[in-house]
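Residue strings, one per chain:
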There are 2 protein chains.
Amino acid sequence: MKKLPDSAYNPILKLDNQLCFSVYALSRLITKAYQPLLESLDVTYPQYLVLLLLWEHKELTVKQLGENLLLDSGTLTPLLKRMEQHQWLSRRRDARDERSVLVALAPAGRALQAQAAQIPMQLAEKMQLTEPEIAGLRTQLRQIMTLLS
Amino acid sequence: MKKLPDSAYNPILKLDNQLCFSVYALSRLITKAYQPLLESLDVTYPQYLVLLLLWEHKELTVKQLGENLLLDSGTLTPLLKRMEQHQWLSRRRDARDERSVLVALAPAGRALQAQAAQIPMQLAEKMQLTEPEIAGLRTQLRQIMTLLS
DNA sequence: AATAATTTAATTGTGCACAATTAAAACTTA
DNA sequence: TAAGTTTTAATTGTGCACAATTAAATTATT
């Protein structure tokens, strides 16, 4: 009797069957879908996420940015330095707690907000999802995130 | 009348409301959830994905790996070189088409399969999802992927 | 067959992402 | 207050991820 490949016995080991791979691949596809929209602003997707937070809060510490984005200073420090060079934001030590660094939106960063206003809608169109579908999916993903962290 | 922040007018610009951020953040959380399970095999998550394919197909070209993983040679070539150094796989030009590089599972790579057999189940436990929930979610994500590519 | 166009990997350069370490500041506690 | 602990960023080093370019091999077209 001929032996089947292990993957025939273990369909769970097949790439196609893995939810995790779908999340990983979709995440990269989404970043690529953003890219042409972000290109005219000259920002990357992670930089855009920082801007979303600063547009909302104006000033945050590196720690607060990291808590929101689930990123540490090893990622954020060089990213924020690049954004500072573009004068989209400023970085300075908090006088009340010299351990912290305050990241504040600069005028050039504020100016990008109007240009970015249409981006979420354009992405939603690309994904062809209705608002309730988006909300439902987001809730499911958030729940998994809670369980994993 | 006091002006509200733009994010109050534009809730769609709020990070918390964005499905795309959830996918991005979940993808990184998943990679971190795999990490302790992959550590004893000394493989990274992308390397594990390559192994999944080679366990199933034994030999694939760089192009075929890229089609399955949605990665190009710029990512795969150095990654495969590192895996070759561990002797998990071999790389050689295809004699019938010298443009292609054949990537074949090596004995040390095959040996990792048994050690990895429990990993998908352990992940599923961490995520606390039932098989139908996983299948449903995967289908939804695949559909978005189709629309984005 | 000669030329042109396409395909396939590799290379180069930039920017995350993250583990581990370091250093300074702030806080806790003896 | 002095010593020890914790918190916060920065730094260092490794490994993706990807755009753009290069080079070789193949295929298509004249």
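Below is a summary of the structure that appears in this document. It should be emphasised that the depicted structure is a prediction, and the values quoted were computed from it without experimental measurement.

1. A few points about the overall build of chain A
Phase 1: Along its length, chain A carries eight helices and three strands.
Phase 2: What you see in chain A, going N to C, is helices and strands ordered as α-α-α-β-α-α-β-β-α-α-α.
Phase 3: Across the 149 residues of chain A, 46% fall into the buried class.
Phase 4: Within chain A, contacts between residues separated by at least 24 positions form 49% of all contacts whose residues are at least 6 apart in sequence.
Phase 5: Just so you have it, chain A exposes about 8000 Å², and 52% of that area is on carbon and sulfur atoms.

2. As for the sheet that holds strand 2 (residues 89–94) of chain A
All names here are of chain A.
Phase 1: The antiparallel open sheet is built from three strands, whose spatial order is 1-3-2. Unpaired on one side and paired on the other, strand 1 (59–61) and strand 2 mark the two borders of the sheet. Taken over all neighbouring pairs, the strand axes of this sheet differ in orientation by 25° on average, direction set aside.
Phase 2: In terms of strand pairing, strand 2 meets strand 3 (residues 97–105) through six bridges, oriented antiparallel.

3. Considering the pattern of salt bridges
Residue and element names in this part refer to chain B.
Phase 1: Scanning all chains against the criterion turns up ten salt bridges over all chains.
Phase 2: Here Glu59 ties to Arg92 by a salt bridge, and the two come within 2.9 Å at their closest N and O atoms. Taken together, the residues Glu59 in strand 1 (residues 59–61) and Arg92 in strand 2 (residues 89–94) connect sequence positions 33 residues apart.
Phase 3: On the accessibility criterion, Glu59 (34% relative accessible area) is partly exposed.
Phase 4: The salt bridge partner of Arg91 is Glu84, with a shortest N-O separation of 3.1 Å.

4. Examining the protein's contact with DNA strand D
Phase 1: The environment of DNA strand D is made up of 27 residues, and the closest members are Tyr24, Ser73, Thr77 and Lys81 of chain A together with Thr44 of chain B.
Phase 2: Among the atoms of DNA strand D lying within 4 Å of the protein, the sugar-phosphate backbone contributes 82%.
Phase 3: With respect to DNA strand D, the side chain of Arg91 of chain A contributes an N or O atom lying 2.8 Å from a phosphate oxygen.
Phase 4: Side-chain polar atom of Arg82 of chain B to a phosphate oxygen of DNA strand D: 2.8 Å apart, as the coordinates give it.
Phase 5: Elements with a minimum of two residues in the surface near DNA strand D: helix 2 (19–39), helix 4 (62–69), helix 5 (73–85), strand 2 and strand 3 of chain A together with helix 3 (45–57), helix 5 (73–85) and strand 3 (97–105) of chain B.
Phase 6: Taken together, the residues of the surface near DNA strand D sort by class into seven nonpolar, nine polar and eleven charged.

5. Remarks on the environment of Leu37 of chain B
Residue and element names in this part refer to chain B.
Phase 1: Mapped onto the elements, Leu37 comes out in helix 2 (residues 19–39).
Phase 2: Sequence-wise, Leu37 and Leu123 are 86 residues apart; in three dimensions their C-alpha atoms are separated by 8.8 Å.
Phase 3: Not counting the four nearest positions on each side in its chain, Leu37 is found in contact with Ile119, Gln122 and Leu123.

6. Description of the interface of chain B and chain A
The figure often quoted for interface size is the accessible area lost as the parts come together.
Phase 1: Listed by partner, the interface residues are 56 residues for chain B and 57 residues for chain A.
Phase 2: Here chain B packs against chain A, burying approximately 6000 Å² in sum over the two surfaces, 70% of which is carbon and sulfur.
Phase 3: Three residues, Leu13, Leu19 and Leu148 of chain B, lead the burial of chain B against chain A; their summed loss comes to 11% of the area buried on that side.
Phase 4: Our count for the contact surface shared by chain B and chain A stands at zero salt bridges.

7. Some details on helix 5 of chain A
All names here are of chain A.
Phase 1: With 13 residues, helix 5 extends 17 Å between its outermost C-alpha atoms, agreeing within 8% with the 18 Å of an ideal straight helix rising 1.5 Å per residue.
Phase 2: For helix 5, the full list of buried residues reads Leu76, Leu79, Leu80 and Met83. Projection of helix 5 onto a plane perpendicular to its axis shows the buried side chains occupying an angular sector of 100°, all on one side. Residues Gly74 and Gln85 are exposed on helix 5 and point more than 90 degrees away from its buried face.
Phase 3: Those residues of helix 5 hidden inside the fold are in contact with helix 3 (45–57), helix 4, strand 2 and strand 3.
Phase 4: Regarding helix 5, its N-cap is Asp72, as a side-chain oxygen of that residue lies 3.1 Å from the backbone nitrogen of Gly74 further along.
Phase 5: Trailing helix 5 by a residue or two, Gln87 shows a phi angle of about 65°, which is positive.

8. Some words on the relation of the copies chain B and chain A
Phase 1: With an RMSD of 0.0 Å, chain B superimposes on chain A once it is rotated by 180° and translated 0.0 Å along the axis. Read as a symmetry element, the transformation amounts to a two-fold axis.

9. Some remarks on the packing of aromatic side chains
Phase 1: For the coordinates displayed, the defined rule picks out twelve aromatic pairs over all chains.
Phase 2: Plain terms: the ring middles of Tyr34 of chain A and Tyr45 of chain A are 4.6 Å apart, the flat faces sit at 35° to each other, and that makes the pair tilted. Pair noted here: Tyr34 of chain A is in helix 2 and Tyr45 of chain A is in helix 3, with a separation of eleven residues, a long-range link. Summarising the burial analysis for this pair, Tyr34 of chain A and Tyr45 of chain A share the class buried.
Phase 3: Both rings, one in Tyr48 of chain B and one in Trp55 of chain B, keep their centres 6.4 Å apart while their planes meet at 75°; by these two values the pair is edge-to-face.
Phase 4: Overall, the relative accessible area of 3% leaves Trp55 of chain B in the buried class.
Phase 5: Here a set of aromatic residues connected by ring pairs shows up, and it is made of Phe21 and Tyr24 of chain A together with Tyr34, Tyr45, Tyr48 and Trp55 of chain B.
Phase 6: Sitting over the face of the ring of Tyr24 of chain A, Arg28 of chain A holds its NZ or CZ atom 4.4 Å from the ring centroid.

Criteria and cut-off values
Residues numbered from 1 in each chain as written. Chains lettered and ligands numbered in written order. Predicted model: local features only at pLDDT ≥ 70, side-chain atom pairs only at ≥ 80, totals over all residues. Heavy atoms only, no water. Helix = DSSP H or I, 4+ residues; strand = E, 2+ residues; numbered from the N terminus. Buried < 20%, exposed > 50% of the residue type's maximum accessible area, 1.4 Å probe, protein only. Contact = heavy atoms within 4.5 Å. Areas by Shrake-Rupley, 256 points an atom, 1.4 Å probe, with all protein chains shown as cover. Pairing = 2+ DSSP bridges. Axes fitted to C-alpha atoms, helices over the stretch in contact; angles between N-to-C directions. Salt bridge = Lys/Arg side-chain N within 4 Å of Asp/Glu carboxyl O. Near = heavy atom within 4 Å. Polar contact = N/O pair within 3.5 Å; in protein donor to acceptor, adjacent residues only side chain to side chain. Nonpolar A, V, L, I, M, F, W, Y, C, P; charged D, E, K, R; others polar. Buried area = accessible area lost by both parts, 1.4 Å probe. Expected span 1.5 Å × (residues − 1). Arc of directions from axis to C-beta. Least-squares fit on C-alpha atoms with pLDDT ≥ 70 in both. Phe/Tyr/Trp six-rings, centres within 6.5 Å; stacked < 30°, edge-to-face > 60°. Lys NZ or Arg CZ within 6 Å of the ring centre and 35° of its normal.

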